[in-house]
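Chain residues, written in single-letter form:
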Amino acid sequence: MSTTDIATLRGVATDRQVEAAEQPAPPTPAEAPSWSNMRAPDARSQQSAAVSVTNGRRALKVFLSNPNALFGTGFLAFVILIALIAPVIYPGDPLSMVGRPFLWPGQNPAFPLGTDSLGRDVLAGIVHGARISLFVGLVATALSLTFGVVLGAVAGYFGGRIDDLLVRLIEIFQTPPSFVLLVVLVAIARPSATTVTLAIAIISWPTVARLTRAEFRAIREKDFVVAARSLGYGHRRIIFSEILPNALPPIIVTSSVMVATAILMESALSFMGLGDPNVVSWGSMIGTGRELVRTAWYLTALPGLAIVVTVLALNLIGDGLNDALNPRFSQEG
Amino acid sequence: MTTKNSGALVSTRRAVLTSTVAFAALAAFSGVSGAAEEKPRGGSVSINIGTEPPVLVLIAHTAGAAYYISGKATESLLTYDTDFNPQPLLATAWEVSEDGLHYRFKLREGVTWHDGKDFTAEDVAFSILALKENHPRGRATFASVEQVNVLNRHEVELVLSKPAPYLLSAFASFEAPMVPKHLYAGTKIAENPHNVAPVGTGPYKFVEWVRGSHAIFERNDRYWGSPKPYLDQIIFRFIIDPAAAVAAIEAGEVQVSIANLPLTDIDRLKANPNLVVDTDPPPYSPSIARAEFNLENTYLADIRVRHAIAHAVDKDFIVSTIYLGYATRLDGPVSPDLAKFYTPDLPKYAFDPVKAEKLLDEAGYARGADGFRFKLYIDPTQPSGPPKQTAEYFAQALAKVGIKVELRTQDFATFVKRIFTDRDFDIAIEGMSNLYDPTVGIQRLYWSKNFKVGVPFSNGSRYVNPEVDRLLEAAAVEVDPKKRRELFNAFQKLVVQDLPTLDIVTPSVITVYDKRVKGLKTGVEHLWSNGADIQIGG
């Protein structure tokens, strides 16, 4: 990625924001007010190199100075750590029946969070459940990002009939209620961690694709893209090196929320008994504990708490990223 | 639907209110006169049956949820006392010829259908033939019925091609409902609109069925068994969520609950002074939980592997931890509730993992580098509740003796297709009904001629034993009850030895009801009976 492109990113992003309100408005590049009417990218390269570096640092600074975002990052790091060391601190199958059923938290020091109706260790379940929840959340998001960005980029960049075709395809996936589609997909394929992940990716990519397409449509007419085209850049280079970096900020923000949504969807599926029955997930723990909510509420409350805090952490990170990357909020920094 | 729903609830409340007033009046009256035994009349009882059935009359269907409803409006010829002896219902007298080929029923006179027409022998003949043709089980039950002769207005005769010693047990109201010929003749029985809006001779008349909410039946004032029924109306509710079902019975929203209640809540309900918790299954058709082995699987085809599995699982653990004691350990294919055919004298497989390992070693399956001998799939009927927990326990228990087990869950329809059509399973954890006679309920599961791909609840393990076939076929036509019992005892011993399926437990059927409700359990049908005896008192 050339420095030129990063520099224009700020300007373009601002463009887009303003455009939404009153369009077409004169672009007001955030960091270069003196060159607000500057249209030739190469003429600006000298100055913008410096600007871009400050921008990256500034974004990080904004992010790190946000206590909510810091808390979110810290907690997510903690959950990732737990997930990584789960096989070390709780070796063996977390589904094995190791103790007396219905031990309450604190009742027996060997099972700090108690045992469930079949005598399985709740803490071991939560620790191992973190692996499944994060695996499903991260992999499903990565898959839908890849797919959604590529398709959205192609549709938005080329427009015309390709765009029409791809938008129809996206609409096919967006027409049925997404959770119903998810349940159908998982019911057809045998529920396992892989199929659940794929199914979540299949229902989440249209969101990314739409977002990316909208960004690309806004950016592709910008002068720097025209300039890149006139310089003889190929489509691929223009898409991936020129436009995509400028379109990324909203996608990054969305993706953090998508991880949270994927974790919730996996939990909902497991809650309904459609998750992988051979692994423990937070949702499946709630699902099996649900019937016992009147007599042993801790069986639903503890994994529920794990989901709430993890999803909250991801949302806080999303907010923090939004604040840091969205130029609308950048002036005060 | 919402408005309709709330309307129904309002009317229910009003009905309860009037009945309370009626009781108050009755109580006052009896107080003054000092009359001793007055059956409380009137009132309304709401019964939550959980799952909503697809039809309300079981003339061409065997939906389990409709067992509770069908007999209330459409009765059959007989009912049964607690020892399974036939008692008169629509038939007042009956006789079976020596050779077991002629059955003659004398019908009750002066009985009318809910629409006012007379109930006659024509209706009975029509219904029995309709059952033979359309009822999923009736096809087998009435297979040997060659003709049904109408002797006169109130007498019918069944002529059989070969003896069917179980036939007199088949005339329970929910199992063989009598339907009016004038409304069913010339129509497609399975699609007749009266299957969802019953017209029968029973103590309760159909009022309305609001899908997803409730079905209402009101007192049939012209019931032949007058002064029965005692209730003014019965409302069936379909609250399927276990937690909501518990809340409904505790709040008094329903007076009887036979929905799947969480077993952990039962102890709390028992402590409630206003409620009665009954755990007896209806002996007319006890259910059993079992692990069916696919004998087409190379490992499971080896009898030593099946015996090893039987020694590796602790049925008492399943009873105490999964069913929380609300089940009885089972060592053979017949539930002890089917007392006539149950034999306690069967070989038992003690919980002995060491022996299990030894058997597996003998079979030539040594533990591999990963500690496992081989891998099997296990499929429970439902993705939740005791079947799934049993499967989870099997997976854990078998892993300990070196069999890797992977659990698969699916909805019920997919499960049935997997086992009986695709035959893509190793061990299935399933519930199976014994029904009222082993020839009807158990033979189908072990008879080699009933290995039929695509037919649900047939011989899914593909078990073939000529001696078992012989015993079953002999018992099916044996008229002497004593000899028949001996045949079934020999059969039970044989299948427990061969172990094509491992019978696990016979679960309790938990009915929770308001202690003011009386007369719920009658004969062997319990709540599947016509409900004419149900009362609600003060």
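For every chain, the first residue of the written sequence is number 1, and numbering continues from 1 onward in sequence order. The order in which chains are written sets their letters, starting at A; the order in which ligands are written sets their numbers, starting at 1. A pLDDT threshold of at least 70 governs which residues receive local features in this predicted model, and a stricter bar of 80 or more applies before side-chain atom pairs are shown or counted, although totals over entire chains, interfaces and linings include all residues. Derived side-chain values reflect all non-hydrogen atoms in the structure, with water molecules and hydrogen atoms excluded from consideration.

Helical segments are the DSSP runs of H or I of at least four residues, strand segments are the runs of E of at least two, and each set is numbered from the N terminus. Within chain A, the secondary structure is distributed over 11 helices and 0 strands. In chain A, the succession of helices and strands from N to C terminus is α-α-α-α-α-α-α-α-α-α-α. In chain A, which comprises 333 residues, the proportion classed as buried is 49%. Taking contacts inside chain A between residues at least 6 apart in sequence as the whole, the part at least 24 apart equals 71%. Per-residue and other accessible areas follow the Shrake-Rupley method at a 1.4 Å probe size, with only the shown protein chains counted as cover for residues. Roughly 15500 Å² of accessible area belongs to chain A as shown, and the carbon and sulfur atoms make up 66% of that amount. Relative accessible area decides the class of each residue, using a 1.4 Å probe on protein chains only: under 20% of the type maximum gives buried, over 50% gives exposed, and in between gives partly exposed. Two residues qualify as a contact provided that any one of their heavy atoms is within 4.5 Å of a heavy atom in the partner residue.

The subject of this paragraph is the sheet that holds strand S4 (residues 91–96) of chain B. Residue and element names in this part refer to chain B. The 4 strands lie next to each other as S4-S5-S7-S6, forming an open sheet whose pairing is antiparallel. Looking along the sheet, the strands with just one partner apiece sit at the ends: S4 and strand S6 (145–152). When strand polarity is set aside, the average angle formed by the axes of neighbouring strands in this sheet is 20°. Of the strand pairs in this sheet, S4 and strand S5 (residues 102–107) are connected by 5 bridges, and their pairing is antiparallel. In the strand pairing of S5, Trp 94 is matched with Phe 105. Taken strand by strand, helix H3 (residues 121–134) contacts S5, S6 and strand S7 (155–160), and its axis lies near 170° from that of S6. Strands qualify as paired when DSSP identifies two bridges or more between them. A fitted line through C-alpha atoms represents every axis, and for helices the fit uses only the stretch in contact; the resulting angles, taken between N-to-C directions, go from 0 to 180 degrees.

This part covers the packing of aromatic side chains. The geometry of an aromatic ring pair comes down to the distance between the two centres and the angle between the two planes. The pairing test for Phe, Tyr and Trp rings, Trp by its six-membered ring, is centres within 6.5 Å, and the orientation test on the planes gives stacked under 30 degrees, edge-to-face over 60, and tilted for anything in between. Using the criterion set out here, one finds 33 aromatic pairs over all chains in the structure. Both rings, one in B:Tyr299 and one in B:Tyr365, keep their centres 5.2 Å apart while their planes meet at 75°; by these two values the pair is edge-to-face. Highlighted residues: B:Tyr299 in the loop between strand S13 (287–293) and helix H8 (303–312) and B:Tyr365 in the loop between helix H10 (353–362) and strand S15 (374–380), separated in sequence by 66 residues. Overall, the relative accessible area of 26% leaves B:Tyr299 in the partly exposed class. Placement of a charge over a ring requires the Lys NZ or Arg CZ to be within 6 Å of the ring centre, with the centre-to-atom vector within 35 degrees of the ring normal. The side chain of A:Arg237 reaches across the aromatic face of A:Tyr233, ending 3.8 Å from its centre. Positioned above the aromatic ring of B:Tyr377, the side-chain terminus of B:Arg408 is 4.1 Å from the ring centre.

What UniProt calls "domain: ABC transmembrane type-1" (unreviewed entry) maps, in this numbering, to residues 130–318 of chain A. Taken end to end, residues 130–318 of chain A comprises 83% helix and 0% strand; its first and last C-alpha atoms sit 20 Å apart. UniProt positions are given in the numbering used here, feature names are shortened, and annotations may be inferred rather than shown by experiment.

Take the interface of chain A and chain B next. At the interface, 21 residues of chain A touch 26 residues of chain B. Simply put, the buried area is the total loss of 1.4 Å probe accessible area from both parts when two parts are fitted together. Summed over the three residues of chain A that lose the most area to chain B, namely A:Arg190, A:Glu291 and A:Arg294, the buried surface amounts to 29% of that side. When a carboxyl oxygen of Asp or Glu lies within 4 Å of a side-chain nitrogen of Lys or Arg, that pair is called a salt bridge. Inspection of the region where chain A meets chain B yields 4 salt bridges. One salt bridge connects A:Arg290 with B:Asp241, and the closest N-O pair in it is separated by 3.0 Å. Polar contact is defined as a pair of N or O atoms within 3.5 Å, subject to the rule that within protein one atom must be able to donate a hydrogen and the other to accept it, and that residues adjacent in sequence are counted only when both atoms are side-chain atoms. Viewed at the interface, chain B and chain A are joined by 8 residue pairs in polar contact (both at pLDDT 80 or more). Think of it as three bins: nonpolar holds Ala, Val, Leu, Ile, Met, Phe, Trp, Tyr, Cys and Pro, charged holds Asp, Glu, Lys and Arg, and polar takes everything else, Gly as well. Looking at the side of chain A that touches chain B residue by residue, the class counts come to 8 nonpolar, 7 polar and 6 charged.

Before going further, it helps to examine the domain arrangement of chain B. Residues and elements named next belong to chain B. By the assigned domains, chain B splits into domain 1 (3–35 + 45–199) and domain 2 (287–507). Relative to domain 2, the C-alpha centre of domain 1 lies at a distance of 34 Å. Opposite the 14 residues of domain 1 that make contact, domain 2 presents 13 residues. Surface buried jointly by domain 1 and domain 2 totals about 1000 Å² across both partners, of which 71% is contributed by carbon and sulfur atoms. Run the count over domain 1 and domain 2 and you get 0 residue pairs in polar contact (both at pLDDT 80 or more). Residues that form the side of domain 1 that touches domain 2 fall into these classes: 6 nonpolar, 2 polar and 6 charged. Domain ranges listed in this record stem from an automatic or a database domain assignment.

As a further point, take the layout of surface pockets. Residues and elements named next belong to chain B. Counted as a void, the second largest pocket has a volume near 560 Å³. Along the walls of the second largest pocket sit 31 residues, with Pro 165, Ser 169, Lys 340, Pro 481 and Arg 484 positioned nearest its centre. In terms of residue count, helix H16 (residues 481–498) provides more of the lining of the second largest pocket than any other element does, 3 residues in total. Tallied by class, residues from the lining of the second largest pocket come to 17 nonpolar, 5 polar and 9 charged. Cavities and pockets were defined on a 1 Å grid built from protein atoms only: a cavity is a group of points that admits a 1.4 Å probe but offers it no way out, a pocket is an open group of points flanked by protein on both sides within 12 Å along at least five of seven lines, and a lining residue is one with an atom within 4 Å of any such point. Grid points are joined across faces, edges and corners, and a volume is the space filled by probe spheres set on the points.

All names here are of chain B. One open sheet holds the 7 strands; their spatial order is S8-S9-S10-S1-S11-S19-S12, and the pairing between them is mixed. Both edges of this open sheet fall to strand S8 (204–210) and strand S12 (275–278), since each of them pairs with a single strand only. Across 6 bridges, the pairing between S8 and strand S9 (residues 214–219) is antiparallel. If you follow Trp 209 over to S9, its bridge partner there is Ala 215.

What follows covers the UniProt feature "transmembrane region" (unreviewed entry) in chain A. Residue and element names in this part refer to chain A. The sites that carry the UniProt feature "transmembrane region" (unreviewed entry) are, in the present numbering, residues 68–90, 132–158, 251–275 and 296–317. Annotated as 100% helix and 0% strand, the span residues 132–158 places its first and last C-alpha atoms 38 Å apart. With 84% helix and 0% strand, the stretch residues 251–275 has end C-alpha atoms that lie 28 Å from each other.

Let us now look at the environment of B:Glu467. With respect to the secondary-structure elements, B:Glu467 resides in helix H15 (residues 466–477). Sequence separation between B:Glu467 and B:Leu275 is 192 residues; the distance between their C-alpha atoms is 50 Å.

Further remarks concern empty space enclosed by the protein. One water molecule sets the probe size; rolling that probe over the atoms shows where empty space is left. All names here are of chain B. One pass over the full model with this rule turns up 6 cavities of 30 Å³ or more. Estimated volume of the second largest cavity: approximately 80 Å³. The wall of the second largest cavity is formed by 13 residues, among which Asp 280, Pro 282, Thr 511, His 526 and Leu 527 lie closest to the centre. Among the residues forming the lining of the second largest cavity, the class breakdown is 8 nonpolar, 2 polar and 3 charged.

As paired elements, S6(B) and S7(B) share 6 bridges and run antiparallel to each other. Residue pairing across strands places B:Asn149 opposite B:Glu157, the latter belonging to S7(B).

Looking now at the side chain of B:Asp314. Residue and element names in this part refer to chain B. You can see Asp 314 is positioned in the loop between H8 and helix H9 (315–322). Within the buried core, Asp 314 has no salt-bridge partner, and the shortest N-O distance to an opposite charge, that of Arg 329, equals 5.1 Å. At a separation of 3.1 Å, a polar atom in the side chain of Asp 314 contacts the main-chain amide nitrogen of Asp 316. Sequence-distant contacts of Asp 314, defined by excluding residues within four places in its chain, comprise Phe 351 and Tyr 393. The sign given to each residue is positive for Lys and Arg and negative for Asp and Glu; His and the chain ends receive no count.

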